[in-house]
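Here's the letter readout for the chains.
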Amino acid sequence: MFEYFHAIEFSAAGQMIKNSSWAFAVTESVHLLALSVIGGAVLIVDLRMLGFGLKRQPVADVAADAYPIMVASLVVMLVTGFMLFMSEAVKCYYSQPFLVKMIALALAITFTFTVRRKVARAADGRISPAVYRTVALVSLMLWFTVGAAGRWIGFSG
Amino acid sequence: MSLLPFCQWLAETQGSIALHESSYMYPLLESSHVLTLCLFVGMSVLLDLRLLGWTMRRIPVGEITSRILPWMIGGFVLMVVTGLLLFYAIPIRSYQNVFFRLKMITLVLAGLNAWTYHVGIHKKIGEWGAEGRPPRRARWAGAMSLILWAVVVVSGRMIAYNWFDCDLGQSAFINWAAGCVPGVR
């Protein structure tokens, strides 16, 4: 496994981002902007499932509106995130927060596009409030772990 | 008018030194500051996109504003509190940082933009706020808000880089923009 991480960091693209004085900063800024957007798109639906925010609209309507925004910002996060990873893959190999983030990210994406999507799209009245609340809390917890562990990669090592 | 003497005094206080030297409080504060972006900027972006008529067109603007605003205000208060504490931990370097200064100016502009919207076209929301695309002035406010908050976020992130720090020796322009004083720091 280590060889792959090493090869990625010492690839032409990895070295370019690493050695440029602004490429990492710019990539990270875009990563942060997309974080703000995906945060809003996830929160507006999770809050609605918890009974807050856009209470007068059906969950399915709020989820349908937020969906393209969430997917677009997720794509930007994944692309910029991979670019950041390329520039410091070896550090990431040894980083515990990175491992935590990747596991939480895999779980968050899987959960979001299976269970959460199905529940959020269901017609009004077919899902009990308890199920909505559980799905929202799991989603919030998973995405929070992704964000917090991600921030911690920069503090450690 | 220079706030430098105040920042120098602040940097010498017990609390500032403790925060600056703590191994966990500073990273925790910074993480809270960054993650609260999801709440404050995330919600603002949704409202701005609605003002542009790009999303949630079926939901009246007034409905979105009244439901989202309390969360935005909560997020904003958290941002300000954690932001002030981050400044308190590193007052002199922040004050003499061009990105910090750019961020503060843009914050004021973003505030002015929000205020202009609220005392202006938002007052007549009954005439236009139902469904579909808002009028030009509302769309303009949404677009300006998106741009200004993006600048706030990016310049905030850039504060961490020392490219333009006074003690590295800077051009005359940066020395002026950052308010560098020879021998300070």
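Definitions and cut-offs
- Residues numbered from 1 in each chain as written.
- Chains lettered and ligands numbered in written order.
- Predicted model: local features only at pLDDT ≥ 70, side-chain atom pairs only at ≥ 80, totals over all residues.
- Helix = DSSP H or I, 4+ residues; strand = E, 2+ residues; numbered from the N terminus.
- Contact = placed C-beta atoms within 7 Å.
- Nonpolar A, V, L, I, M, F, W, Y, C, P; charged D, E, K, R; others polar.
- Core = buried A, V, L, I, M, F, W, Y, C linked by C-beta atoms within 7 Å.
- Buried ≥ 20, exposed ≤ 12 C-beta atoms within 10 Å, placed from the backbone.
- pLDDT = per-residue confidence, 0-100.
- Axes fitted to C-alpha atoms, helices over the stretch in contact; angles between N-to-C directions.
- Parallel < 35°, antiparallel > 145°, perpendicular 65-115°, else oblique.

Engineer: Could you give me a rundown of the overall build of chain A, with the residues and numbers involved?
Structural biologist: Looking only at helices and strands, one finds seven helices and zero strands in chain A. Overall, chain A is about 55 × 25 × 25 Å in size when its C-alpha atoms are taken along their principal axes. Considering only contacts within chain A whose residues lie at least 6 apart along the sequence, 79% involve residues at least 24 apart.

Engineer: Please provide a residue-by-residue account of the overall build of chain B, values included.
Structural biologist: Along its length, chain B carries nine helices and zero strands. Ordered by position in the sequence, the α and β elements of chain B form the string α-α-α-α-α-α-α-α-α. Projecting the C-alpha coordinates of chain B onto the three principal axes gives extents of approximately 60 × 35 × 25 Å.

Engineer: Summarise the interface of chain A and chain B; cite the residues concerned and give the values.
Structural biologist: The partner chain B presents 27 residues to the 24 residues of chain A that form the contact. Sorting the residues of the side of chain A that touches chain B by element identifies helix 3 (23-49), helix 4 (59-87) and helix 7 (129-155) of chain A as the ones contributing at least two each. Element by element, the count of residues in the side of chain A that touches chain B is highest for helix 3 of chain A, at 12 residues. The residue makeup of the side of chain A that touches chain B, split by class, is 11 nonpolar, seven polar and six charged.

Engineer: Explain the nonpolar core to me, and be specific about the residues and the numbers.
Structural biologist: Ile38(A), Ile44(A), Val45(A) and Val153(B) are the most contacted members of the largest nonpolar core, which has 59 residues in total. For this core, the elements supplying multiple residues, two or more each, are helix 3, helix 4, helix 6 (96-121) and helix 7 of chain A together with helix 3 (25-52), helix 4 (61-89) and helix 8 (136-158) of chain B. Beyond its immediate chain neighbours, meaning those up to four positions away, Ile44(A) contacts Gly53(A), Leu54(A), Val62(A), Ala66(A) and Leu46(B). Ile17(A), Met83(A), Phe98(A) and Ile153(A) belong to the second largest nonpolar core, which has eight residues in total.

Engineer: Talk me through the confidence of the model for chain A; I want residue IDs and the actual numbers.
Structural biologist: Summing up the model confidence of chain A, the mean pLDDT is 96 and the portion of residues at 70 or higher is 99%. Between the elements of chain A, mean pLDDT differs from a low of 94, seen in helix 2 (residues 12-19) of chain A, to a high of 98, seen in helix 6 of chain A.

Engineer: Tell me about the environment of Val77(B), residues and numbers included.
Structural biologist: All names here are of chain B. Positionally, Val-77 belongs in helix 4. On the basis of neighbour counts, which here come to 12 C-beta atoms within 10 Å, the residue Val-77 falls in the exposed class. Sequence separation of Val-77 and Trp-54 is 23 residues, and the distance between their C-alpha atoms is 28 Å.

Engineer: Break down the packing of helix 2 (residues 14-21) of chain B against helix 4 of chain B for me, with residues and values.
Structural biologist: All names here are of chain B. Packing of helix 2 against helix 4 leaves a shortest axis separation of 7 Å and a crossing angle of 95°. Viewed along their axes, helix 2 and helix 4 adopt a mutual orientation that is roughly perpendicular. Judged by residue contacts, Gly-15, Ser-16, Leu-19 and His-20 of helix 2 engage Leu-85, Tyr-88 and Ala-89 from helix 4. Among the residues forming the contact of helix 2 with helix 4, the class breakdown is four nonpolar, three polar and no charged.

Engineer: Describe the environment of Glu131(B), and please don't skip the residues or the numbers.
Structural biologist: Residue and element names in this part refer to chain B. Summarising the element assignment, Glu-131 is placed in the loop between helix 7 (125-128) and helix 8. A residue is classified by how many C-beta atoms lie within 10 Å of it, and Glu-131, with 11 of them, is exposed. C-alpha separation for the pair Glu-131 and Thr-116, spaced 15 residues apart in sequence, amounts to 22 Å. In contact with Glu-131, other than residues within four places in its own chain, are Arg-57, Arg-58 and Pro-60.

Engineer: Describe the packing of helix 2 of chain A against helix 4 of chain A, listing the residues and the values that go with them.
Structural biologist: Relative orientation and spacing of two packed helices are given, respectively, by the angle between their axes and the distance between those axes. Residue and element names in this part refer to chain A. Interhelical geometry of helix 2 versus helix 4 gives an angle of 85° and a closest axis separation of 7 Å. As judged from the angle between their axes, helix 2 and helix 4 are roughly perpendicular. Residues Ala-13, Gly-14, Ile-17 and Lys-18 of helix 2 lie in contact with helix 4, whose contacting residues are Met-83, Met-86 and Ser-87. For the contact of helix 2 with helix 4, the per-class residue count stands at four nonpolar, two polar and one charged.

Engineer: So what's going on with the environment of Arg58(B)? Residues and values would help.
Structural biologist: Residue and element names in this part refer to chain B. Mapped onto the elements of the fold, Arg-58 is located in the loop between helix 3 and helix 4. A count of 12 C-beta atoms within 10 Å places Arg-58 in the exposed class. Along the backbone, Arg-58 and Ala-130 are 72 residues apart, and their C-alpha atoms lie at a distance of 8.2 Å.

Engineer: Could you give an account of the confidence of the model for chain B, naming the residues involved and the relevant values?
Structural biologist: Looking at chain B as a whole, its pLDDT mean stands at 94, while 98% of the residues score no less than 70. Of the two predicted TM-score estimates for the complex, the pTM is 0.95 and the ipTM is 0.94.

Engineer: Describe unusual backbone geometry, with residues and values.
Structural biologist: Although it is not a glycine, Met56(B) sits at a positive phi angle of roughly 50°. Mapped onto the fold, Met56(B) is located in the loop between helix 3 and helix 4.

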